[in-house]
Amino acid sequence: WSHKPVVNEELLRSLPNLKIVASAGVGIDHLDLKLLSSHGVKVSNTPFVVSTDTADLGVALMLASSRRIVEGHQIAVSPDTQHFPADWLGTEVSGATLGIVGMGTIGYKVAQRARAFEMKILYHNRRQRNKEEEGAVGAVYCKKIDDLLQQSDFVLLSVNLTPQTHKLIGKRELELMKPTATLINISRGLVVDQDALVEALQNRVIKAAALDVTHPEPLPRDHPLLKLENVVLTPHIGSATRQTRWHMMEGMLESIQAALAGLPVPNQVL
């Protein structure tokens, strides 16, 4: 669990009878698929079971950031608070524009939830979804990510970490965003250039960020992201409900049993 033990050449050579590596969650960026394949080892993950909870968290982060929930809690419980400031304001979510980068299973579930907030939904994806799927959530496809960044009040990242998405959001992309915009990341920390993000937040190039993922995890305790008031951080808890984690374990066990029995492996990563 938590990428331990590290699956490298040394480990694989020490386990000549290894049949499968079952990985929890969707992301497999911590595994060298070519190396595993060269040793005849199969890989599985748990891609679909995590989507509902992760989408829920994405919306929770959007609401927490826009309505300044963390700061509000601190005001409400502070022993120094004698009155609530009347000019302490957040940002409206209903009717705002949400840009979803990565309209896979999780991204689409985020769009379904955002629809209930009467948000305008833009999305950028490797492939455009069909008209029926778009119509069901009122989503508009942006072939170029730049178009999405320039128009969105909230930009939510829900992509796999690949060489193509590594630091997908950097200084240039952040400068394309509205100065009133919020960046939400529920994918992987390395999808964002963190140094560029810190600079953008400090200089108010964008308004705020809400991050479930960073690199590394956890961040060093002196990292500037931990000190910024316009940042909401959670400890990579997209799938962290009792029910989902139980279903993830069941899925991993099912894949392991199938591999050991020489049967087709559910959710095998090819």
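An unreviewed UniProt entry lists the chain under the name Glyoxylate reductase/hydroxypyruvate reductase, with Psilopogon haemacephalus as the source organism. The annotation that UniProt attaches to the chain under Sequence similarities (unreviewed entry) is "Belongs to the D-isomer specific 2-hydroxyacid dehydrogenase family."

**Q** Which parts of the structure should I look at to understand the packing of aromatic side chains?
**A** Where two aromatic rings form a pair, the distance of their centres and the angle of their planes describe that pair. Applying the stated criterion across every chain, the model contains 1 aromatic pair. Aromatic pair Tyr123 and Tyr141: ring centres 5.2 Å apart, planes at 50°, arrangement tilted. Of this pair, Tyr123 sits in strand β4 (residues 120-124) while Tyr141 sits in strand β5 (residues 139-141), and the two are 18 residues apart along the sequence. We classify Tyr123 as buried; its relative accessible area is 1%.

**Q** Please explain the pattern of salt bridges as it appears in this structure.
**A** Inspection of the entire model under this criterion finds 10 salt bridges. For Arg129, the salt bridge is made with Glu133, and the minimal N-O distance between the two is 3.2 Å. Given the relative accessible area of 13%, Arg129 is considered buried. A salt bridge links Glu173 to Arg172; its shortest N-O distance comes to 3.2 Å. A relative accessible area of 44% means that Arg172 is categorised as partly exposed. Where salt bridges share partners, they join Asp146, Arg172 and Glu173 into one cluster.

**Q** Would you explain the nonpolar core in this entry?
**A** Nonpolar side chains tend to gather and get buried jointly when the protein is soluble and globular. By size, the foremost hydrophobic cluster in this structure holds 29 residues, and its most contacted members are Leu174, Leu183, Leu197 and Leu225. Elements supplying a minimum of two residues to this core: α7 (145-151), β6 (154-157), α9 (194-202) and β8 (208-211). Looking at which element gives the most residues to this core, the answer is α9, with 5 residues. With near-sequence residues (within four places) excluded, Leu174 lies in contact with Ile169, Leu183, Ala196, Leu197, Ala200, Val205 and Ile206. Counting 28 residues, the second largest nonpolar core, distinct from the first, contains Val59, Ala114, Ala139 and Val232.

**Q** Help me understand the UniProt feature "domain: D-isomer specific 2-hydroxyacid dehydrogenase NAD-binding" (unreviewed entry) in the chain, please; the structure alone is not making it clear to me.
**A** According to UniProt, the "domain: D-isomer specific 2-hydroxyacid dehydrogenase NAD-binding" (unreviewed entry) feature falls on residues 59-238. From the first C-alpha to the last, residues 59-238 spans 11 Å; its make-up is 32% helix and 16% strand.

**Q** How do you make sense of the sheet that holds strand β7 (residues 182-185) when you look at a structure like this?
**A** In space, the 7 strands of this open sheet follow the order β5-β4-β3-β6-β7-β8-β9, with parallel pairing throughout. In this open sheet, the two edge strands, each paired with only one partner strand, are β5 and β9 (231-233). The average undirected angle you get between the axes of adjacent strands in this sheet is 20°. Running over the sheet, helix α3 (residues 51-66) touches β3 (97-101), β6, β7, β8 and β9 and is turned about 145° from β8. Contacts from α9 reach β7, β8 and β9, with the element oriented near 140° to β8.

**Q** Sorry, what's going on with unusual backbone geometry here?
**A** For residues other than glycine, phi is negative in most cases, and the peptide bonds are mostly trans. Note that the residue after His215, namely Pro216, is joined by a cis bond; omega there is -5°. Mapped onto the fold, Pro216 is located in the loop between β8 and β9. With an omega of -5°, the peptide bond running from Glu217 to Pro218 counts as cis. Mapped onto the elements of the fold, Pro218 is located in the loop between β8 and β9. Within the chain, Arg204 stands out as a residue other than glycine whose phi angle is a positive 60°. Within the fold, Arg204 resides in the loop between α9 and β8. Here Arg204 falls in the exposed class, since its relative accessible area comes to 52%.

**Q** What's the story with the domain arrangement of the chain in this structure? I'm lost.
**A** Frequently, the measure chosen for interface size is the accessible area removed from exposure when the parts meet. You can read the domains of the chain as domain 1 (9-48 + 240-261) and domain 2 (50-77 + 88-233). Of note, the centres of domain 1 and domain 2, computed from C-alpha atoms alone, are 29 Å apart. Contact with domain 1, which involves 10 residues of that partner, is made by 7 residues of domain 2. Summed over both sides, the interface of domain 1 with domain 2 buries roughly 710 Å², with 50% coming from carbon and sulfur. Here domain 1 is connected to domain 2 by 1 salt bridge.

Each value, and the rule that gives it
Residues numbered from 1 in each chain as written. Predicted model: local features only at pLDDT ≥ 70, side-chain atom pairs only at ≥ 80, totals over all residues. Heavy atoms only, no water. UniProt positions renumbered as here; feature names shortened; annotations may be inferred. Phe/Tyr/Trp six-rings, centres within 6.5 Å; stacked < 30°, edge-to-face > 60°. Helix = DSSP H or I, 4+ residues; strand = E, 2+ residues; numbered from the N terminus. Buried < 20%, exposed > 50% of the residue type's maximum accessible area, 1.4 Å probe, protein only. Salt bridge = Lys/Arg side-chain N within 4 Å of Asp/Glu carboxyl O. Core = buried A, V, L, I, M, F, W, Y, C linked by side-chain atoms within 4.5 Å. Contact = heavy atoms within 4.5 Å. Pairing = 2+ DSSP bridges. Axes fitted to C-alpha atoms, helices over the stretch in contact; angles between N-to-C directions. Domains from an automatic or database assignment. Buried area = accessible area lost by both parts, 1.4 Å probe.

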